[in-house]
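These are the residues of each chain, in order.
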Amino acid sequence: MEQIRATQTPSYDDELGRAWEALPGHSYSALPATGPVSGHSSPRVSDLVALLGSVPLAGSSGELIDQLRGLEELKSAITGLQARAAVAFDLAQRAEQARAGVPASERGQGVGAQLALARRESPNKGPRLLGLARALVTEMPCTLAALESGQLNEWRAMLLVKETACLSVEDRCAVDEELAPDTGTFEGKGDRAIIAAVKAAAYRRDPRSVAQRASHAATERTVSLRPAPDTMTYLTALLPVAQGVAAYAALTREADTARAGGDSRSRGQVMADTLVERVTGTPGGVAGINLDLVMTDRTLFQADSEPARLKGYGIVPAQWARKLLREPQADEASGLATGQAGSPVPDRDFTVWLRRLYTAPGTGELLNMDSKARLFPPRLRRFIEARDDTCRTPYCDAPIRHIDHVVPWRSGGTTTPNNGAGLCEACNHTKENPGWNSKRVTGDKQGGHTLQISTPTGHAYVSKAPPLPGHVRAQPLQSAPPVAMSNECAVDVARSSSGQQSEPLPAEGAECGSSGQLKPRMAGI
């Protein structure tokens with residue numbers, strides 16, 4: 001622990017040290033005596049990692065518990081040091097940007113993304129991590145002290161910061177001093193007890209700000225979707241409390257009525273099915289919607305077990321994908337059946353369009369298409385979306401919102417799959433900041449579309465497109481004639497009720513070697 005504390009004293013000669021000097025209350029004249037001793041350098045983080053690797057496990061149960069507690073306190077101390085380093089890095093970057101002539105309003109852009117990449121987190125989480133660090137280091141010294149001493153972990157420190165975010169700097173500091181988490185105030189307390197104590201203290205200090213925060217929260221209402229295990233998803237709505245309670249009560253009443261009428265479904269199933277039906281306006285919940293499945297031709301036609309990939313969700317079992325496309329009772333098998341037991345399921349026609357994606361042997365990399373336009377045309381966009389699946393920035397798995405050039409168009413970049421990448425909106429804007437660069441990496445023995453993203457500090461991060469179904473990137477690249485190809489089927493499932501057929505997607509270039517139309521009778525979808 002003492003070695004970690006020693007690393008909190010930066011060297012005065014480097015940029016980090018000058019940034020530390022600028023922090024309120026952190027003057028070098030007031031630095032503790034744990035700084036570097038003449039003739040000796042302060043310990044590095046890599047030294048601490050090596051030291052931890054040499055710590056043996058304890059022999060008895062009691063000693064193991066003591067060891068676990070000590071390691072937990074060590075984690076908290078490291079988090080405190082990370083917070084100090086993050087604030088110092090932010091100040092150093094702003095100073096560098098000021099010397100480079102960056103306008104004051106634009107300084108600090110991209111700092112959060114760099115912090116997130118260094119911590120192997122999504123760039124979207126970077127600004128939140130930086131905000132947490134700033135609050136701890138500059139406004140909540142007692143909370144930071146509790147974190148560094150192991151009395152609080154990062155999550156609970158974040159709760160304290162979050163619940164005081166609506167206060168002024170002065171009031172936040174006062175609440176921090178009142179609660180004094182560094183004196184053991186929250187020892188043995190759970191998350192709810194901590195949140196309640198912070199809310200009460202914040203309300204006593206500034207009731208108007210707390211009330212305004214509650215009013216503003218209604219403007220942040222939203223709906224989100226995230227994957228769940230076993231081909232399920234979590235559909236989450238953040239609503240004002242009155243609307244949320246009313247919606248839940250309506251679903252509950254519908255479920256109770258259906259169950260009283262003899263519906264064999266469980267209460268939760270009726271509520272879920274009713275929600276889907278009322279939102280989409282269609283029994284079963286699917287009408288006029290494209291579901292993009294990427295699978296091998298062997299999986300589709302030969303009952304191969306290679307999993308498929310569903311756009312917006314991820315990997316799904318091969319059998320489930322085939323049921324979705326071909327079997328009559330696909331909705332019932334997928335858990336979307338509605339109506340009472342034994343009720344007839346409506347029979348509808350649906351259109352399934354197949355588009356072939358040709359891939360290179362061994363690597364599974366999609367082959368080229370070319371465009372002379374600056375903007376990516378629709379078919380090329382679909383091509384890149386099928387290859388990248390999610391945002392290509394390392395550690396970011398947000399949905400693709402933008403297709404942009406790896407080497408910018410203004411710098412001579414071409415509008416081709418090799419020079420295109422799928423990115424979320426935030427990451428696409430971040431890469432336009434000064435000092436950020438990206439390039440295509442060629443010669444990778446494992447194959448696949450590989451990018452290298454460089455940050456203003458010179459650190460580089462590698463991003464590989466995920467392997468398509470039927471290919472494993474761990475295999476070395478096999479030499480084969482360029483004409484030898486393996487094909488994968490990208491299946492666009494255009495689902496609509498009779499009389500509302502979707503337009504077909506004609507073949508073009510390497511994206512579509514052939515196209516065909518299947519019109520299976522898929523009841524209940």
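Refer to the preceding data block for the structure.
Quick notes on the rules
Residues numbered from 1 in each chain as written. Predicted model: local features only at pLDDT ≥ 70, side-chain atom pairs only at ≥ 80, totals over all residues. Heavy atoms only, no water. Helix = DSSP H or I, 4+ residues; strand = E, 2+ residues; numbered from the N terminus. Buried < 20%, exposed > 50% of the residue type's maximum accessible area, 1.4 Å probe, protein only. Contact = heavy atoms within 4.5 Å. Axes fitted to C-alpha atoms, helices over the stretch in contact; angles between N-to-C directions. Parallel < 35°, antiparallel > 145°, perpendicular 65-115°, else oblique. Nonpolar A, V, L, I, M, F, W, Y, C, P; charged D, E, K, R; others polar. Pairing = 2+ DSSP bridges.

1. Side note on the side chain of E163
In step 1: One can find E163 in helix α8 (residues 154-163).
In step 2: Classification of E163 as buried rests on a relative accessible area of 10%.
In step 3: Among all residues touching E163, those that are not within four sequence positions of it are I195, V198, K199, A202 and R213.

2. A closer look at the packing of helix α4 (residues 61-99) against helix α6 (residues 126-138)
In step 1: Close contact between α4 and α6 brings their axes to 8 Å; oriented N to C, the two are set at 105°. In terms of orientation, α4 and α6 fall into the roughly perpendicular class. Counting all contacts with α4, which are made through A83, R84, A86, V87, D90 and R94, the residues of α6 involved are L130, A133, R134, L136 and V137.
In step 2: By residue class, the composition of the contact of α4 with α6 is seven nonpolar, no polar and four charged.

3. Some words on the sheet that holds strand β10 (residues 450-454)
In step 1: Taken in spatial order, the three strands of this open sheet run β9-β10-β11, and their pairing is antiparallel. Only two strands of the sheet have a single partner each, and these edge strands are β9 (437-441) and β11 (460-464). For this sheet, the mean inter-axis angle between neighbouring strands, taken without regard to orientation, is 25°.
In step 2: Judged from the five bridges that link them, β10 and β11 form a sheet pairing that is antiparallel. Across the sheet, residue I453 finds its bridge partner in β11, namely Y461.

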